[in-house]
Amino acid sequence: MWIDYECLQQNDYNQARTVLETGVKILTNKKQHIDLLVSLAKNELKNFKNNEIFEHGKTIVEKVLTLHSKDLLTWKMYISAMERKGDVSGTRALYEKAS
């Protein structure tokens, strides 16, 4: 996927966001929109050393989970990212929200 390429190979998160915007305009299926959003968020959450990028990924995931609160894969990915970052209180809060 192009979002993965831009984030992981090129380390260009702004271009990945542009790819996301273009994809959302082209694709008509809501499920595909969610998949694109989660893909970008997943890549941004991997970059926990850059707080600005990480926070943007958190914002995307939180919006997705607001609409699709039963999406266990997204919850798992989000909780794992918070654990990798070392945010113990944030991780606990997410476990409470998810259950």
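Anything mentioned here points back to the structure above.
Since the structure is predicted, the reported quantities are computational estimates derived from the model, not experimental observations.

(A) The arrangement of helix H2 (residues 13-26) in detail. Between the first and last C-alpha of H2 there are 20 Å, a value that for 14 residues agrees with the 20 Å anticipated at 1.5 Å per step. Buried residues of H2: Tyr13, Ala16, Arg17, Leu20 and Gly23, and no others. For H2, the angular spread of the buried residues around the axis is 120 degrees, confining them to a single face. Opposite the buried face of H2, at more than 90 degrees from it, the exposed residues are Asn14, Lys25 and Ile26. Its side-chain oxygen at 3.4 Å from the backbone nitrogen of Asn14, Asp12 defines the N-terminal cap of H2.

(B) Spatial organisation of the pattern of salt bridges. Within the structure shown, the criterion is met by 3 salt bridges. A salt bridge links Glu44 to Arg17; its shortest N-O distance comes to 2.9 Å. Here Glu44 is found in helix H3 (residues 30-46), whereas its partner Arg17 is found in helix H2, with 27 residues between them in sequence. Each of the two residues, Glu44 as well as Arg17, counts as buried. In this structure, Asp35 and Lys31 form a salt bridge, with 2.9 Å as the shortest nitrogen-oxygen distance. Here Lys31 and Asp35 lie together in helix H3, a separation of 4 residues that amounts to about one turn.

What counts, and at which threshold
Residues numbered from 1 in each chain as written. Predicted model: local features only at pLDDT ≥ 70, side-chain atom pairs only at ≥ 80, totals over all residues. Heavy atoms only, no water. Helix = DSSP H or I, 4+ residues; strand = E, 2+ residues; numbered from the N terminus. Expected span 1.5 Å × (residues − 1). Buried < 20%, exposed > 50% of the residue type's maximum accessible area, 1.4 Å probe, protein only. Arc of directions from axis to C-beta. Polar contact = N/O pair within 3.5 Å; in protein donor to acceptor, adjacent residues only side chain to side chain. Salt bridge = Lys/Arg side-chain N within 4 Å of Asp/Glu carboxyl O.

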